[in-house]
Amino acid sequence: MHETVVEMLARNAEHAEIDDARFDDIQNTQFPDAVTICCSDSRVLQNDMWGNDVPGEIFTVGNIGNRVTQPTSMGHLVSGDVMFPLWNTDTEVAVVVGHTGCGAVTTAFQYLTEDVIQPRGVKYCLEQLKPHLEEALSVLPEDLSDVAAINHLVEYNVDHQVSRLVGSEDVPEDVTVVGAVYDFQDVYSDRRGKVHVINVDGETDVATLRDENPDVADRIGRRWEYGRTPTAEQT
Ligand SMILES: [Zn+2]
């Protein structure tokens, strides 16, 4: 067996030893409070970022670029991976989590500007990001470094995914949809690992978001308020 798998199984044995009783109430059912849709990047720890090690709390969806839709013969629909908990387990919160330095957004950005050699499956995923990132490029502030441009596009992508959930007739109206960015590059603050809220139910104005959500006002912030007057924190 590959040594990585051997190590993973050893750690899993430790995991299984933690508390066998924690599955007692949920081994036949689940009612997770939230579904999170994160980039599958290895640096984005879907449960750890929320301090969660309790089974049954969070329904986790992961893919490159934290996408919430899938193309079907009926058009672009909210992915079944996301709809499953919203429809079947009374989950009322959906959180789309992008992250600083996203490789999928970076590669999609390159894909827009140059030929990119990737397997067909990866290109298929990038094709899902391409149209709205292309739209973002036309309004991106000038003179940004490539790193800053990518992190602006990360926000734009999260906003786009949130809008797909909010605008979908499949997603129940009482579901709260939050867009966030997981920062491990000190882009938003000097504490890597923090999640920063950038969008709630389609609202992206930071002042409005802070007014409407005073309990988490200090966790709300954006790098890019496109179409609005730049604020100091965007520089
Ligand atoms: Zn990513």
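Structure: see above.
Description of the structure in this document.

Calculation criteria
- Residues numbered from 1 in each chain as written.
- Predicted model: local features only at pLDDT ≥ 70, side-chain atom pairs only at ≥ 80, totals over all residues.
- Pairing = 2+ DSSP bridges.
- Helix = DSSP H or I, 4+ residues; strand = E, 2+ residues; numbered from the N terminus.
- Axes fitted to C-alpha atoms, helices over the stretch in contact; angles between N-to-C directions.
- Contact = placed C-beta atoms within 7 Å.
- Buried ≥ 20, exposed ≤ 12 C-beta atoms within 10 Å, placed from the backbone.

For the rest of this paragraph, the subject is the sheet that holds strand β1 (residues 34-39). With mixed pairing, five strands are arranged side by side in an open sheet as β2-β1-β5-β6-β7. Each of the sheet's edge strands pairs with one partner strand only, and the pair in question is β2 (58-63) and β7 (194-200). Between one strand and the next, the sheet's axes are offset by a mean angle of 25 degrees, whatever the strand orientation. Along the sheet, helix α5 (residues 146-166) makes contact with β5 (93-99), β6 (176-183) and β7, crossing β6 at roughly 165 degrees.

Another aspect to go through is unusual backbone geometry. Even without being a glycine, Asp143 presents a positive backbone phi close to 65 degrees. Take Asp143: it is sitting in the loop between α4 (120-137) and α5. At Asp201, a position not held by glycine, the phi torsion is positive, near 50 degrees. With respect to the element layout, Asp201 can be found in the loop between β7 and α6 (206-212). Judged by local crowding, Asp201 falls into the partly exposed class, with 15 C-beta atoms found within 10 Å.

Note that all results are geometric; they support no functional claim without further evidence.
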